[in-house]
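The lines below spell out each chain.
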Amino acid sequence: GEAQLVQAAPPVYDGPTPAKGLQGLVCSVELPEVGLVLEVADSLAGGGGAGRGLFVRLAEGVDSVTLPAGVAFCGYAAGRMELAADSEGGKTA
């Protein structure tokens, strides 16, 4: 028979998250076409002394986002990441 390629789901983000919001916000870029906001602020790594960090969050009023497979943010979610692909092959955060 034919060999079947099985690819494991990317790991769900399990690192530090800001308890009181981002500190030292440098910029915030809304991506309305995908319902996400990218932000650069003080890093949470190393107790905040590691320079800047890149943060991703859902846009205001957006409950969940489905990204196509292979998108850079696939697997980067503080919350829930479905292990099964949606009907188009993406992941839901």
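Before reading further, recall that the structure is shown in the block above.
So, here's what we can say about the structure. Here the structure is a predicted model, which is why all the values come from computation and not from measurement.

Thresholds, definitions, all that
Residues numbered from 1 in each chain as written. Predicted model: local features only at pLDDT ≥ 70, side-chain atom pairs only at ≥ 80, totals over all residues. Heavy atoms only, no water. Helix = DSSP H or I, 4+ residues; strand = E, 2+ residues; numbered from the N terminus. Buried < 20%, exposed > 50% of the residue type's maximum accessible area, 1.4 Å probe, protein only. Contact = heavy atoms within 4.5 Å. Areas by Shrake-Rupley, 256 points an atom, 1.4 Å probe, with all protein chains shown as cover. Polar contact = N/O pair within 3.5 Å; in protein donor to acceptor, adjacent residues only side chain to side chain. Pairing = 2+ DSSP bridges. Axes fitted to C-alpha atoms, helices over the stretch in contact; angles between N-to-C directions. Salt bridge = Lys/Arg side-chain N within 4 Å of Asp/Glu carboxyl O.

1. Some thoughts on the overall build of the chain
Logical step 1: Looking only at helices and strands, one finds 0 helices and 5 strands in the chain.
Logical step 2: Out of the 93 residues in the chain, the part that is buried amounts to 23%.
Logical step 3: Across the chain, contacts joining residues at least 24 apart in sequence account for 31% of those joining residues at least 6 apart.
Logical step 4: Of the roughly 6,700 Å² of accessible surface on the chain, a fraction of 54% belongs to carbon and sulfur atoms.

2. As for the side chain of Glu-39
Logical step 1: By the element assignment, Glu-39 lies in strand E2 (residues 36-42).
Logical step 2: With a relative accessible area of 8%, Glu-39 lands in the buried category.
Logical step 3: For Glu-39, the side chain forms a polar contact with the side chain of Arg-57, separated by 3.2 Å.

3. Regarding the sheet that holds strand E3 (residues 52-58)
Logical step 1: Sheet architecture is open: 3 strands sit in the order E1-E2-E3, paired in antiparallel fashion. Strands with a single pairing partner mark the edges of an open sheet, and in this sheet they are strand E1 (27-31) and E3. Each strand axis lies, on average, 20° off the axis of its neighbour in the sheet, ignoring direction.
Logical step 2: As defined by bridge partners, E1 adjoins E2 across 5 bridges and the pair is classed as antiparallel. Opposite Cys-27, over in E2, you have Val-40 as the bridge partner.

4. Concerning the pattern of salt bridges
Opposite charge on two side chains makes pairing possible when the charged atoms of those side chains draw close.
Logical step 1: Taken as a whole and assessed by the stated rule, the structure comprises 2 salt bridges.
Logical step 2: The salt bridge involving Asp-42 is made with Arg-52; its shortest N-O contact spans 2.7 Å. With Asp-42 in strand E2 and Arg-52 in strand E3, this pair connects stretches of sequence that are 10 residues apart.
Logical step 3: With relative accessibility at 52%, the residue Arg-52 sits in the exposed group.

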